[in-house]
Amino acid sequence: MRTITASFLFSASLLLMPTAFASTLDTVKDRGSVKCGVTNGLTGFSNPDKQGNWEGMDVDVCRAIAAAVLGDASKVTYVPTSSKTRFTALQTGEIDILSRVTTWTLSRDSKLGLNFAGVNLYDGQGFMVRKDLGIKSAKELNGASICMNTGTSTETNIADFFSANNLNYKTVLFEKSSEVASAYDLGRCDVYTSDKSGLAAQRLKMQKPDDHIILEETISKEPLGPAVRHGDDEWFDVVKWSLMALIEAEELAITQSNIDTFKNTKNPRIARFLGTSGENGKNLKLAPEWSANIIKAVGNYGEIYARNVGEKSQLKIPRGLNKLWSDGGILYAIPLH
Amino acid sequence: MTTPFNNNSRYKKSRYQQWYEALFGSKINSVLTIASLYFLYVTIPPMLNWAIFEANWLGSNASDCNSSGACWVYISVWWQQLLFGQYPSEELWRLVLCSGLFIILLTALILHKRLRAPLPKRLLLISTLLYPFIAFALMYGGFFGLAIVETRFWGGLFLTLVIAVVGITTSFPLGLLLALGRQSTLKIVRLFCIGFIELWRGVPLITVLFMASVMFPLFMPQGVNVDSLLRVLVGVSLFAAAYMAEIIRGGLQAIPKGQYEAAKATGLSYWQAMFMIILPQAITLVIPGIVSAFISLIKETTLVYIIGMFDFLGIVQFTASNSEWIRYTKEGYIFVGLVFWVICYSLSRYSRTLEQKPSNQH
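None of these values were measured; they are calculated from a predicted model.

Broken down by element type, chain A carries 13 helices and 14 strands. For the C-alpha atoms alone, the extent of chain A along its principal axes is close to 80 × 60 × 40 Å. Residues classed as buried in chain A amount to 54% of the 337 residues present. Sequence-distant contacts in chain A: of pairs separated by 6 or more residues, those separated by 24 or more amount to 70%. As displayed, chain A offers around 15,200 Å² of accessible surface, 53% of which is attributable to carbon and sulfur atoms. If you average the places of the 38 positive and of the 38 negative side-chain charges in chain A, the two averages end up 1 Å apart.

This is the structure we're talking about:
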């Protein structure tokens with residue numbers, strides 16, 4: 001009996017023993033591809049292009065990291081995740097990085113065991129209403145019925161905003177954004193609330209996109225960014241500085257098309273960026289030209305923004321907070337040296 | 001049965017009269033008929049206009065569509081995604097071959113008795129048993145120098161059929177064993193089967209899928225990854241098996257006790273009695289129930305979208321997140337609905353022919 005108990009305890013302890021992950025950076029280099037968790041289809045962030053390949057803001061983050069680590073932006077394995085499965089996918093190692101319009105919050109950063117590597121879009125929750133209602137401000141929404149998604153921070157934000165302003169409201173909940181949008185378009189509710197980026201996409205789906213307006217108010221901070229697992233600082237650094245490199249390139253006015261013209265530059269910041277001087281690559285255990293590879297593959301932050309969600313896309317979301325700090329926004333690259 | 005009265009033309013109503021009475025026989029009938037005709041008049045022509053007469057059939061861009069009719073261009077642009085998901089284009093022949101073999105096998109199984117020279121049973125049995133392995137080798141690769149196509153690239157109608165066919169073919173034998181086990185005289189077997197069936201029938205499929213995709217990986221030691229499609233397939237099969245078990249148990253209970261006793265009296269063993277006497281009768285009785293369980297399983301596979309897989313329905317959602325096509329989900333859903341209808345309706349027709357076959361049992 002004692003031996004049985006002992007062997008049971010022994011095998012149980014084997015099962016419970018925390019088996020440490022191998023370094024994600026080494027795993028990715030060995031595997032030759034970055035496993036990137038994205039949405040299962042969200043316009044402007046991760047959606048199929050005409051050939052069925054992934055494109056979008058979040059997809060470009062994945063591509064940037066593949067370019068930095070492997071020198072080839074196409075070496076990404078995209079893993080579609082739903083809003084319910086995304087964190088498990090990261091925690092269990094099914095993906096190396098979660099780049100899926102995920103809001104950076106304290107609880108996710110701590111309790112859920114994630115590390116947010118930065119912000120690739122400062123978004124915020126807004127309201128869309130029909131123009132003919134004549135509403136100018138969210139404070140006029142007393143008694144409104146509001147369509148929204150379940151299981152995201154949207155519900156809490158609405159509750160906070162309406163109770164702070166002493167307003168009544170009724171929620172109409174759905175699992176998928178498309179369902180929320182069509183319910184709103186069919187008039188099942190007065191207001192459609194979601195992140196402004198999402199509203200811009202859903203507006204394109206309305207029967208008459210021009211009949212709807214997005215109200216000025218932004219009732220929440222939704223810093224969206226890529227996340228990695230706790231406890232792998234090396235990989236965390238790679239993702240963090242890859243994001244930084246996108247912003248740094250815009251600050252230096254280095255673009256996808258002009259990057260080769262800087263070869264003989266005297267500017268020490270640019271030389272460090274291109275990897276011709278300094279030890280940035282070595283410190284991150286990457287090739288010296290890691291940041292140059294990123295820009296060659298996806299362009300700088302401004303180009304990514306314009307192409308996917310900004311003026312060159314159908315969404316046409318103004319850059320707002322997502323401008324460089326020198327242009328009145330809050331994007332600021334920590335010095336790369 | 002004909003009687004002299006039926007043959008007498010004085011008493012026989014013409015077809016016209018029968019229709020007239022059914023439609024306008026009473027005041028209520030007349031009102032209902034006129035109301036329904038009006039309803040059809042209001043709904044059918046605009047629908048046909050949208051779907052056919054004013055629809056856009058040709059083109060390669062969303063801009064080739066005008067807003068007055070359906071944009072079937074969507075289907076022609078995205079057909080590959082709709083059918084096969086993100087399966088690499090250069091490997092598509094493997095799936096085509098696989099479905100070709102599947103159709104041949106299915107036709108042979110259904111029609112072999114009508115052939116003048118019936119195919120040998122052994123050949124059919126061997127090819128049926130071999131098919132899953134050949135299909136797996138073709139779909140996943142890794143054998144005979146075929147490149148591996150990971151299951152995350154599987155999608156569209158192909159993924160839906162994989163889940164449905166695997167669910168159907170594994171749930172039937174499993175359900176059979178569970179049904180027999182539930183009637184077993186061995187208490188432990190009986191309790192296990194009852195527990196299993198009631199546990200799986202007591203939870204919705206979506207819970208099973210969440211357990212398989214979200215909870216299960218957390219129980220595994222870190223770094224051990226079981227393929228997510230495999231987890232779903234196991235979950236769906238066990239779920240369907242529990243329902244199957246109850247349907248088959250219904251059939252078993254409908255067989256008169258005398259049959260069991262007679263089988264025993266002739267000296268047949270338990271398994272002989274079951275497979276030669278009881279089950280053939282019991283299963284024939286519950287064919288409608290079995291087939292409707294299959295049909296609902298096929299439709300329930302669409303739930304996998306919620307755990308991040310692109311089944312036939314989910315792929316519409318995915319392709320329509322392209323900003324150019326964002327407005328055309330309707331066309332996609334109608335197309336998917338039609339295909340689902342064709343599949344499910346053929347299944348139900350096939351079950352009717354099975355039921356009508358004279359019982360060929362002993």
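Attention shifts here to the nonpolar core. By size, the foremost hydrophobic cluster in this structure holds 147 residues, and its most contacted members are I97(A), W235(A), I254(A), F273(A), I294(A) and W154(B). Excluding its chain neighbours within four sequence positions, the residues that come into contact with I294(A) are A64(A), A67(A), A68(A), S242(A), A245(A), L246(A) and G299(A). One finds A138(A), I146(A), V191(A) and L215(A) within the second-largest nonpolar core, a separate group that totals 15 residues.

We now examine the packing of helix α12 (residues 270-285) of chain B against helix α13 (residues 287-300) of chain B. Residue and element names in this part refer to chain B. Two numbers describe how α12 lies on α13: the axes approach to 5 Å, and their chain directions differ by 60 degrees. Contact residues: α12 offers I283, T284 and L285, while α13 offers I287, P288 and I290. Considering only residue class, the contact of α12 with α13 consists of five nonpolar, one polar and no charged.

With that out of the way, let us pick up the interface of chain A and chain B. Tallying the contact residues gives 38 residues for chain A and 29 residues for chain B. Buried area between chain A and chain B, summed over both chains or domains, comes out near 3,000 Å², and the portion from carbon and sulfur atoms is 54%. The three residues of chain A that bury the most area against chain B are N40(A), P48(A) and K50(A), which together make up 18% of that side's buried surface. Inspection of the region where chain A meets chain B yields one salt bridge. A salt bridge links E324(B) to K50(A); its shortest N-O distance comes to 3.6 Å. The interface formed by chain A and chain B includes nine residue pairs in polar contact (both at pLDDT 80 or more). Counting residues per element, the side of chain A that touches chain B draws most heavily on strand β4 (residues 76-80) of chain A, which supplies four residues.

Let's shift gears to the confidence of the model for chain B. Residues and elements named next belong to chain B. Taken as a whole, chain B shows an average pLDDT of 87; of its residues, 95% reach a score of 70 or greater. Helix α1 (residues 4-7) is the least confidently modelled element of chain B, averaging 50 in pLDDT, while helix α8 (residues 187-201) averages 94, the highest of any element. Under the prediction, the complex receives an ipTM of 0.77, its pTM being 0.81.

Residues and elements named next belong to chain A. If you trace the five strands from one edge of the open sheet to the other, you get β10-β9-β11-β8-β12, paired in mixed fashion. Of all strands in the sheet, those with a lone pairing partner are β10 (169-174) and β12 (212-214), marking the two edges. Shown here is a sheet whose adjacent strand axes are inclined to one another by a mean of 30 degrees, direction ignored. Pairing of strand β9 (residues 144-149) with β10 involves six bridges; the strand directions are parallel. Each bridged residue has a counterpart across the sheet, and for N149 the counterpart in β10 is F174. Its contacts with the sheet place helix α7 (residues 177-185) against β8 (125-130), β9, β10, β11 (191-195) and β12, and it is angled at close to 155 degrees to β9. Across the sheet, helix α8 (residues 196-205) touches β8, β11 and β12, and the angle it forms with β11 is around 125 degrees.

Residue and element names in this part refer to chain B. Partitioning chain B into structural domains gives domain 1 (87-149) and domain 2 (155-356). Between the C-alpha centres of domain 1 and domain 2 the distance comes to 21 Å. Each partner contributes to the interface: domain 1 provides five residues, whereas domain 2 provides four residues. Roughly 380 Å² is buried in total at the junction of domain 1 and domain 2, and carbon and sulfur atoms are behind 88% of that figure. On inspection of domain 1 and its partner domain 2, the count reaches zero salt bridges. If you look at where domain 1 meets domain 2, you find zero residue pairs in polar contact (both at pLDDT 80 or more).

Residue and element names in this part refer to chain B. Summed over the entire model, instances satisfying the criterion amount to 31 aromatic pairs over all chains. Measuring from centroid to centroid gives 5.8 Å for F102 and Y131, while their planes differ by 40 degrees, and the two rings are tilted. Of this pair, F102 sits in helix α5 (residues 92-111) while Y131 sits in helix α6 (residues 121-140), and the two are 29 residues apart along the sequence. F102 gets classed as partly exposed once you look at its relative accessible area, which sits at 28%. Residue classification places Y131 among the buried positions, given a relative accessible area of 14%. Residues F192 and F196 carry aromatic rings whose centres are separated by 6.2 Å and whose planes lie at 35 degrees to one another, so their mutual orientation is tilted.

This part covers the domain arrangement of chain A. All names here are of chain A. Here chain A is partitioned into domain 1 (24-122 + 224-327) and domain 2 (125-220). Look at where the C-alpha atoms of domain 1 and domain 2 centre, and you get two points 30 Å apart. Each side of the interface is counted separately: domain 1 has nine residues, and domain 2 has seven residues. Interface area, domain 1 with domain 2, both sides summed: about 820 Å², of which 59% is carbon and sulfur. At the boundary of domain 1 with domain 2, the tally comes to one salt bridge.

Attention now goes to the state of the cysteines. Note: disulfide means a covalent bond formed between the sulfur atoms of two cysteine side chains. All names here are of chain A. With the rule as written, the count across this model stands at three disulfides over all chains. In this model C36 forms its disulfide with C62; the gap between the sulfur atoms is 1.9 Å. What sets the handedness of the C36 and C62 disulfide is the S-S torsion sign, and at about -65 degrees it is left-handed. Taken together, the residues C36 in strand β1 (residues 34-38) and C62 in helix α3 (residues 57-70) connect sequence positions 26 residues apart. Here the two residues C36 and C62 agree in accessibility, since each one is buried. Each sulfur in the disulfide pair C147 and C189 lies 1.9 Å from the other. Disulfide C147-C189: torsion about the S-S bond near -110 degrees, hence left-handed.

The rules behind the values
Residues numbered from 1 in each chain as written. Chains lettered and ligands numbered in written order. Predicted model: local features only at pLDDT ≥ 70, side-chain atom pairs only at ≥ 80, totals over all residues. Heavy atoms only, no water. Helix = DSSP H or I, 4+ residues; strand = E, 2+ residues; numbered from the N terminus. Buried < 20%, exposed > 50% of the residue type's maximum accessible area, 1.4 Å probe, protein only. Contact = heavy atoms within 4.5 Å. Areas by Shrake-Rupley, 256 points an atom, 1.4 Å probe, with all protein chains shown as cover. Lys, Arg positive; Asp, Glu negative; His and termini not counted. Charge placed at Lys NZ, Arg CZ, Asp CG, Glu CD. Core = buried A, V, L, I, M, F, W, Y, C linked by side-chain atoms within 4.5 Å. Axes fitted to C-alpha atoms, helices over the stretch in contact; angles between N-to-C directions. Nonpolar A, V, L, I, M, F, W, Y, C, P; charged D, E, K, R; others polar. Buried area = accessible area lost by both parts, 1.4 Å probe. Salt bridge = Lys/Arg side-chain N within 4 Å of Asp/Glu carboxyl O. Polar contact = N/O pair within 3.5 Å; in protein donor to acceptor, adjacent residues only side chain to side chain. pLDDT = per-residue confidence, 0-100. Pairing = 2+ DSSP bridges. Domains from an automatic or database assignment. Phe/Tyr/Trp six-rings, centres within 6.5 Å; stacked < 30°, edge-to-face > 60°. Disulfide = S-S within 2.5 Å.

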